[in-house]
Amino acid sequence: MNKKLLILHTGGTISMSEGEDGRVSPSAKNPLLLALEKLNHPATLHQEAILNVPSPHITLSHWLLLKNRIEKAVKAEQFDGVVITHGTDTLEETAYFLDLSLKVDVPVAITGAMRSSNELGADGLINLQSAILVALCPESQGKGVMVVMNDEIHNAKFVTKTHTTNVATFQTPTFGPCGLIAKNRVIYFQHLDQYERYPVEKIAKSNVQVIKTYAGMDSFLLEQLALSQCDGVVLEALGAGNLPPSCLAGVSALLRADIPVVLVSRAFNGVTQDVYDYLGGGKQLKQQGVIFTTGLSGQKARIKLLVLLNQSLNRPLADYF
Ligand code: ASP
């Protein structure tokens, strides 16, 4: 019997069209709903336009809506896999939230497009076809949410959008894609062992801010955040995980206010480590209570912190990063 796939359209360029004046905007009717008939695959497809928004409009409540819809589809409607179409700007964030929180084991693939449906060289349909193949592939099971773009498969945790317009925009900088789609074949080359999941029903603590640091940064923003009763702060630090001395008073103010401070690197490749032992160096920051991450970007660390802050944890928060 054919496998049953649910395709959830959320909007983004993949669902948009270009007008004669070059402006790209959402179409009244999602062009993907018709285009799917042209694709050839051994599956029974059911598609829904659950949203029709550009991805900069995506919020936490959209993530919960998607999560609940997918869990219902698998548990109550016997779907064997799910494909999500999404704008590329925040695709990696939706992918990672679902990766951390979905309580189902069927393959889930998320895709988008860099060119709208009627542009020359439009990549939407081929990406959608690839995502369907990934969702149908038995080997995709147990790998978490897969980001499928431009013939590549990436784990949700580390993939990032690296280019504003190029179709090869999605990359996993530190170790590359986990698999490929070669013609109609899905081939995996590596497995990510760090797949983790947490129960998320609602997000009560949702005020986690991300701040990029820079040479000569002062403590102004961090001190304001310390007064603001936010739930957590992610700092995009310098290099391997260091900060300018002039913002350390702000870090101390956050920690004194019991606001967790999670540190990632603003460098887009590599991991943070507490190696430097000078004022503002990683060694001293970690001793002070700043939480180091391994390879997460600022936007991904924010999602992980949001998810963790809404759990009852039995170990210190730092142990989960
Ligand atoms: N701005 C668009 C969006 O994220 C870009 C895209 O879909 O590629 O919705």
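Preceding this section is the structure that the text describes.
Residues numbered from 1 in each chain as written. Predicted model: local features only at pLDDT ≥ 70, side-chain atom pairs only at ≥ 80, totals over all residues. Heavy atoms only, no water.

1. Some thoughts on helix α4 (residues 124-136)
With 13 residues, α4 ought to run about 18 Å at 1.5 Å a step, and its terminal C-alpha atoms sit 18 Å apart, in line with that. Of all the 13 residues making up α4, eleven are buried; the element is thus mostly covered by neighbouring parts of the structure. (Helix = DSSP H or I, 4+ residues; strand = E, 2+ residues; numbered from the N terminus. Expected span 1.5 Å × (residues − 1). Buried < 20%, exposed > 50% of the residue type's maximum accessible area, 1.4 Å probe, protein only.)

2. Concerning the sheet that holds strand β14 (residues 232-237)
The parallel open sheet is built from four strands, whose spatial order is β13-β14-β15-β16. In this open sheet, the two strands that pair with only one neighbour each are β13 (208-212) and β16 (291-292). Pairing analysis gives five bridges linking β14 to strand β15 (residues 261-265), with the strands arranged parallel. Considered in β15, the bridge of Val234 is made with Val262. The sheet strands contacting helix α5 (residues 220-227) are β13 and β14, and the helix crosses β13 at an angle near 170°. (Pairing = 2+ DSSP bridges. Contact = heavy atoms within 4.5 Å. Axes fitted to C-alpha atoms, helices over the stretch in contact; angles between N-to-C directions.)

3. A closer look at the sheet that holds strand β6 (residues 108-111)
Within the open sheet, the eight strands sit side by side as β4-β1-β5-β6-β7-β8-β11-β12. Their pairing is mixed. Each of the sheet's edge strands pairs with one partner strand only, and the pair in question is β4 (43-49) and β12 (185-188). Along the sheet, successive strands turn relative to each other by an average axial angle of 25°, direction set aside. Against the sheet, helix α2 (residues 60-75) engages β1 (3-9), β4 and β5 (81-85), with an angle of about 165° to β1. The strands touched by helix α3 (residues 91-101) are β5, β6 and β7 (145-149); relative to β7, the strand with the most contacts, the crossing angle is about 155°.

4. With respect to the packing of aromatic side chains
Enumeration according to the criterion identifies four aromatic pairs in this entry. A ring pair is formed by Phe158 and Phe175, whose centres lie 5.7 Å apart and whose planes are at 80°; its orientation type is edge-to-face. With Phe158 in the loop between β8 (152-155) and β9 (160-161) and Phe175 in the loop between β10 (170-171) and β11 (179-182), this pair connects stretches of sequence that are 17 residues apart. Residue Phe158 is classed as buried on the basis of its relative accessible area of 13%. You can call Phe175 partly exposed: its relative accessible area is 34%. (Phe/Tyr/Trp six-rings, centres within 6.5 Å; stacked < 30°, edge-to-face > 60°.)

5. Some thoughts on the site of the ligand
As a matter of local geometry, the ligand sits amid Gly12, Thr13, Pro54, Ser55, Pro56, Gly87, Thr88, Asp89 and Ala113. One of the side-chain nitrogen or oxygen atoms of Ser55 is found 2.5 Å away from an oxygen atom of the ligand. Contact distances for the ligand include 3.0 Å between an oxygen atom and a backbone N or O atom of Ala113. The fraction of the free accessible surface of the ligand (260 Å²) that becomes covered by protein chains is 86%. Class assignment for the residues of the shell around the ligand results in three nonpolar, five polar and one charged. (Near = heavy atom within 4 Å. Polar contact = N/O pair within 3.5 Å; in protein donor to acceptor, adjacent residues only side chain to side chain. Areas by Shrake-Rupley, 256 points an atom, 1.4 Å probe, with all protein chains shown as cover. Nonpolar A, V, L, I, M, F, W, Y, C, P; charged D, E, K, R; others polar.)

6. Some words on the environment of Ile303
Structurally, the position occupied by Ile303 is in helix α8 (residues 298-309). By relative accessible area, Ile303 is classed as buried at 0%. The spacing of Ile303 and Ala168 is 135 residues in sequence and 24 Å in space, taken between C-alpha atoms.

7. Section: the pattern of salt bridges
Within this structure, the stated rule accounts for 13 salt bridges. The partner of Asp21 in a salt bridge is Arg23, with the nearest N and O atoms 3.0 Å apart. For Asp21, a relative accessible area of 52% gives the class exposed. A residue is classified by how much of its surface remains accessible, and Arg23, at 61% relative accessible area, is exposed. The salt bridge partner of Lys212 is Glu236, with a shortest N-O separation of 3.9 Å. A residue pair is termed long-range when its members are at least 10 positions apart, and Lys212 in strand β13 and Glu236 in strand β14 qualify at 24 residues. Here the salt bridges do not stand alone but share partners, grouping Glu48, Arg69, Lys72 and Glu77 into one network. (Salt bridge = Lys/Arg side-chain N within 4 Å of Asp/Glu carboxyl O.)

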